[in-house]
Amino acid sequence: MAHPHGSHHLTAIATDPQANVDFYISVLGLRLVKTTVNFDDPGTYHLYYGDEAGSPGTVLTFFPWPGAPRGRVGTGQATPVAFSVPEGALGWWDDHLTRLGIDHAGPARRLEEEVVSLRDPDGMVLELVAHAGSADAPPWERGPIGADAAVRGFHSVTLTEQDLDPTHQMMAERLSFQVVAEDGGRVRYDAGATGIGTIVDVVGQPGGPRGLTAAGTVHHVAFRAPDLATEMDWRGELLDQGVNVTEMRDRQYFKSIYFREPGGVLFEIATDEPGFTADEPLLELGRHLKLPPWLEPSREQIAATLPQLKIPAVNYPGLDTEAVLPDRATAGPTGGGADA
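Residues numbered from 1 in each chain as written. Predicted model: local features only at pLDDT ≥ 70, side-chain atom pairs only at ≥ 80, totals over all residues. Heavy atoms only, no water.

Helices and strands together make up the secondary structure of the protein chain, namely 5 helices and 18 strands. Here the C-alpha atoms of the protein chain give a radius of gyration of 19 Å, agreeing with the 20 Å that 2.2 N^0.38 yields for 340 residues. Counting only C-alpha atoms and orienting by the principal axes, one finds that the protein chain spans roughly 50 × 50 × 35 Å. Residue burial in the protein chain is summarised as follows: out of 340 residues, 57% are buried. Of the contacts formed within the protein chain by residues at least 6 apart in sequence, a portion of 70% connects residues at least 24 apart. For the protein chain, the accessible surface area stands at approximately 13,100 Å², while carbon and sulfur atoms represent 49% of it. Positive and negative charge centroids in the protein chain, built from 25 and 47 side chains respectively, lie 4 Å apart. (Helix = DSSP H or I, 4+ residues; strand = E, 2+ residues; numbered from the N terminus. Rg over C-alpha atoms; globule rule 2.2 N^0.38 Å. Buried < 20%, exposed > 50% of the residue type's maximum accessible area, 1.4 Å probe, protein only. Contact = heavy atoms within 4.5 Å. Areas by Shrake-Rupley, 256 points an atom, 1.4 Å probe, with all protein chains shown as cover. Lys, Arg positive; Asp, Glu negative; His and termini not counted. Charge placed at Lys NZ, Arg CZ, Asp CG, Glu CD.)

See the structure below:
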């Protein structure tokens with residue numbers, strides 16, 4: 001049966017791309033590992049953040065549409081996004097966020113773990129969870145936050161649903177996640193794999209308002225497949241079970257299929273291969289505007305449309321120089337870029 005190996009990436013919607021970059025690099029200490037555009041709207045960036053190499057299970061991506069309306073958090077959505085940090089690190093994070101003037105709450109205890117909550121510049125709810133599993137993922141050693149406190153990747157994502165039962169059938173019976181804990185209206189599922197990003201929490205909110213996907217909300221949740229052959233086997237199994245699954249879509253850095261769980265959240269299954277170094281060396285990830293082959297002939301027009309974006313030098317340890325985009329660098333031999 002289909003058995004995803006935890007989270008691959010999450011994609012959300014933002015407004016100001018510069019504010020997004022400044023927050024996720026300088027405040028949360030993530031690395032911008034790919035700068036491309038939305039394939040359906042090349043006038044907006046698609047920004048990918050993660051660990052040093054953008055490993056599966058660490059990648060949070062954004063479509064930043066300036067002027068986009070604020071979304072509404074509700075049922076049929078994935079929110080909040082929870083990151084894994086080392087046990088004992090939340091005191092450091094409290095000091096760090098206080099020093100930067102960022103409102104936050106906690107630590108609060110939930111399912112035997114300590115959690116600090118905050119919001120990004122667009123109001124999206126984020127959580128920092130002190131998690132023993134963080135030890136399974138190495139930190140970005142040369143990042144802006146020390147290894148004793150640095151974000152390791154995802155802890156979990158929370159799905160908010162009107163009705164728990166149909167989503168349970170998808171998670172447990174069709175995707176083979178295991179129920180590992182329950183607390184009131186919260187059910188915790190685990191992929192059963194080692195490492196980070198293996199947890200999905202489903203929270204029941206009967207009668208709650210339907211969420212509106214716009215700025216400050218998650219667009220979709222992507223789970224991991226080790227390779228394309230496995231992903232295609234899973235696609236066949238899901239189709240056999242009556243799930244409406246898309247054809248495979250080549251996202252340059254991974255291959256993807258998409259479907260919705262019964263509550264309405266858009267799911268993706270994405271391959272681990274080939275990764276973000278397919279068209280840029282590790283040292284320079286995110287430094288150049290990468291376009292897919294079919295948009296490359298329009299590079300000049302696209303670059304003229306995109307707002308200027310300054311990426312801090314800390315994103316490029318060893319180079320120690322900021323990047324200013326859009327640039328006119330040529331795409332690599334594989335093209336590059338992804339809309340996922």
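Counting buried positions over the 8 residues of strand β2 (residues 31–38) gives 8, a clear majority of the element. Where β2 meets strand β3 (residues 41–50), 7 bridges bridge the pair, whose relative direction is antiparallel. Looking across to β3, one finds that R31 is bridged to G50. Counting the residues between successive antiparallel strands, the hairpin from β2 to β3 contains 2 residues. (Pairing = 2+ DSSP bridges.)

The next subject is the sheet that holds strand β15 (residues 255–260). Two modes of strand pairing occur in sheets, parallel and antiparallel, and in both the strands are linked by backbone hydrogen bonds. In spatial order, the strands read β2-β3-β4-β1-β13-β16-β15-β14; together these 8 strands make up an open sheet with mixed pairing. Strand pairing shows two members of the sheet lacking a second neighbour, β2 and β14 (249–250), which therefore form its edges. Where helix α4 (residues 228–240) meets the sheet, it contacts β13 (218–225), β15 and β16 (266–271), and its direction lies at approximately 20° from that of β15. (Axes fitted to C-alpha atoms, helices over the stretch in contact; angles between N-to-C directions.)

Right, let's talk about the pattern of salt bridges for a bit. Applying the stated criterion across every chain yields a total of 14 salt bridges. Across the pair D201 and R186 runs a salt bridge whose closest N-O atoms are separated by 3.0 Å. Remark: R186 occurs in strand β11 (residues 186–190) and D201 occurs in strand β12 (residues 199–204); sequence separation between them is 15 residues. The exposure class of R186 is buried, given its relative accessible area of 16%. Here R224 makes a salt bridge to D272, at a shortest N to O gap of 2.7 Å. Of the two residues, R224 is situated in strand β13 and D272 in the loop between β16 and α5 (299–305); the sequence distance between them amounts to 48 residues. Relative accessible area serves as the criterion here: at 22%, R224 is assigned to the partly exposed category. (Salt bridge = Lys/Arg side-chain N within 4 Å of Asp/Glu carboxyl O.)

This next bit is on unusual backbone geometry. Most of the time, phi is negative for any residue but glycine, and the peptide bond is trans. With an omega of 10°, the peptide bond between G106 and P107 qualifies as cis. Inspection of the secondary structure assignment puts P107 in strand β6 (residues 104–110). Looking along the chain, the bond that leaves E273 and enters P274 is cis, with omega of 0°. Relative to the helices and strands, P274 is located in the loop between β16 and α5. The backbone of E112 sits at a positive phi, close to 70°, despite the residue not being glycine.

A separate point is the sheet that holds strand β9 (residues 153–161). Taking strand neighbours across the sheet as the criterion, the 8 strands line up as β6-β7-β8-β5-β9-β12-β11-β10 in an open arrangement whose pairing is mixed. A strand with exactly one partner marks an edge of an open sheet, and here the two such strands are β6 and β10 (178–183). Sheet twist, expressed as the average angle between the axes of neighbouring strands with direction ignored, equals 25°. Here strand β7 (residues 113–119) runs beside strand β8 (residues 125–130); their pairing, made up of 6 bridges, is antiparallel.

Along the chain, E127 falls in strand β8. Owing to a relative accessible area of 7%, E127 belongs among the buried residues under this scheme. One polar contact links E127 to R110, side chain to side chain, over a distance of 2.8 Å. The residues touching E127, leaving out its near neighbours within four places in the chain, are P80, V81, A82, F83, R110, V115, V116 and S117. (Polar contact = N/O pair within 3.5 Å; in protein donor to acceptor, adjacent residues only side chain to side chain.)

Here we come to the packing of aromatic side chains. Centre-to-centre distance and the angle between the planes together describe a pair of aromatic rings. Taken as a whole and assessed by the stated rule, the structure comprises 14 aromatic pairs. Between F223 and F267, the aromatic rings sit 5.1 Å apart at their centres with planes inclined by 85°, giving edge-to-face as the arrangement. On the criterion of sequence distance, the pair formed by F223 in strand β13 and F267 in strand β16 is long-range, its members being 44 residues apart. On the accessibility criterion, F223 (1% relative accessible area) is buried. Here F267 falls in the buried class, since its relative accessible area comes to 0%. On the basis of an interplanar angle of 85° and a centroid distance of 5.9 Å, the ring pair of F259 and F267 is categorised as edge-to-face. (Phe/Tyr/Trp six-rings, centres within 6.5 Å; stacked < 30°, edge-to-face > 60°.)

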